Amino acid sequence: MPGREELPSTLQRSPKEAQETWLKTHDSAVREYGEGQRAHRTAFATLKRSFEKVGDHWEPKPERGPSDEQARRGGAGKRAKPTSGGVNARASKQHLYERAQELDVSGRSSMNKEQLIEALRKKSGRQTRRTSQR
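Now for a description of the structure that goes with this document. Only a predicted model underlies this, so the values are computations on that prediction, with no experimental measurement involved.

What counts and how
- Residues numbered from 1 in each chain as written.
- Predicted model: local features only at pLDDT ≥ 70, side-chain atom pairs only at ≥ 80, totals over all residues.
- Heavy atoms only, no water.
- Phe/Tyr/Trp six-rings, centres within 6.5 Å; stacked < 30°, edge-to-face > 60°.
- Helix = DSSP H or I, 4+ residues; strand = E, 2+ residues; numbered from the N terminus.
- Buried < 20%, exposed > 50% of the residue type's maximum accessible area, 1.4 Å probe, protein only.
- Core = buried A, V, L, I, M, F, W, Y, C linked by side-chain atoms within 4.5 Å.
- Pairing = 2+ DSSP bridges.
- 1 Å grid on protein atoms, 1.4 Å probe; cavity = no way out; pocket = protein on both sides within 12 Å on 5 of 7 lines; lining within 4 Å.
- Points joined across faces, edges and corners; volume = space filled by probe spheres on them.
- Salt bridge = Lys/Arg side-chain N within 4 Å of Asp/Glu carboxyl O.
- Expected span 1.5 Å × (residues − 1).
- Contact = heavy atoms within 4.5 Å.
- Lys, Arg positive; Asp, Glu negative; His and termini not counted.
- Polar contact = N/O pair within 3.5 Å; in protein donor to acceptor, adjacent residues only side chain to side chain.

**Observations concerning the packing of aromatic side chains**
Working step 1: One pass over the structure, following the stated rule, counts 2 aromatic pairs.
Working step 2: Their ring planes at 35 degrees and their centres at 6.1 Å tell us that F44 and W58 sit as a pair that is tilted. With F44 in helix α3 (residues 37-50) and W58 in strand β2 (residues 57-60), this pair connects stretches of sequence that are 14 residues apart.
Working step 3: In this structure F44 comes out as partly exposed when scored by relative accessible area, which is 21%.
Working step 4: Accessibility expressed as a relative area gives 3% for W58, which makes it buried.

**Brief notes about the nonpolar core**
Working step 1: Core analysis: the biggest nonpolar cluster contains 13 residues, and L96, V105 and L120 have the highest contact counts within it.
Working step 2: Of all the secondary structure elements, the ones that give two or more residues to this core are α5 (93-102) and α6 (113-132).
Working step 3: With 4 residues, the single largest contributor to this core is α6.
Working step 4: Grouped together as the second largest cluster of nonpolar side chains are 9 residues, L7, A18, L23 and A43 included.

**Remarks on the pairing of β2**
Working step 1: Here 4 bridges tie strand β1 (residues 51-54) to β2, and the two strands are oriented antiparallel to one another. If you follow V54 over to β2, its bridge partner there is H57.
Working step 2: In this structure, the hairpin formed by β1 and β2 is closed by a connection of 2 residues, where G55 is found at a positive phi of approximately 65 degrees.

**Overview of empty space enclosed by the protein**
Working step 1: As enumerated under the stated definition, the model contains 1 cavity of 30 Å³ or more in all.
Working step 2: Quantified by volume, the largest cavity comes out at close to 30 Å³.
Working step 3: If you go around the largest cavity, the residues you meet are E52, K53, V54, V87, R99, L103, L120 and S124.
Working step 4: Those elements giving two or more residues to the lining of the largest cavity turn out to be β1 and α6.
Working step 5: Ranked by the residues each element gives to the lining of the largest cavity, the list is headed by β1, at 3 residues.

**Some thoughts on the pattern of salt bridges**
Working step 1: One pass over the structure, following the stated rule, counts 7 salt bridges.
Working step 2: Note that R108 and D104 form a salt bridge whose closest N and O atoms lie 3.8 Å from each other.
Working step 3: Residues joined in a network through salt bridges with shared partners are E52, E59, R99 and E102.

**As for helix α2 (residues 16-33)**
Working step 1: Taking 1.5 Å per residue, 18 residues should reach 26 Å; α2 reaches 25 Å between its end C-alpha atoms and fits that length.
Working step 2: Among the residues of α2, A18, Q19, W22, L23, T25, H26, D27, A29 and V30 are the ones counted as buried.
Working step 3: Against α1 (9-12), α3 and β1 lie the buried residues of α2.
Working step 4: After α2 finishes, the residue G34 shows a positive phi value of roughly 95 degrees.

**Considering the side chain of K53**
Working step 1: With respect to the secondary-structure elements, K53 resides in strand β1.
Working step 2: Buried charge K53 goes without a salt bridge, the closest partner of opposite sign being D56 at 8.1 Å.
Working step 3: A polar side-chain atom of K53 sits 2.8 Å from a polar atom in the side chain of T128.
Working step 4: With residues near it in sequence (within four places) discarded, K53 still touches T10, W58, G85, G86, S124, G125 and T128.

So this is what it looks like as structure tokens:
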């Protein structure tokens, strides 16, 4: 079972509460399913109910609940729809716009909600990859 040093890099840069959520869920999932992808997916699914990915880390969501349609329907590992990569797709357009401002997403003022979600997903992914390469 992972210790704090084995946390995914995005969680190492996140609040302690996010780390604890992931660790407790992961440990429980390992006992239930064994070590591997299923335990990681389960831990991230639980994390996404209370936290959203912002750039290269996780921050508390303004309101607890599923982040996107995939999370809402459940069934980890049975992807019928793509996920939003930790972006809180159920948040208001205003909230998404504010996150886009924080991450300096260009063209955000002319984007609709779906475009903001996609732009935030891509920007967060790029920042995570860039930070992880250091």
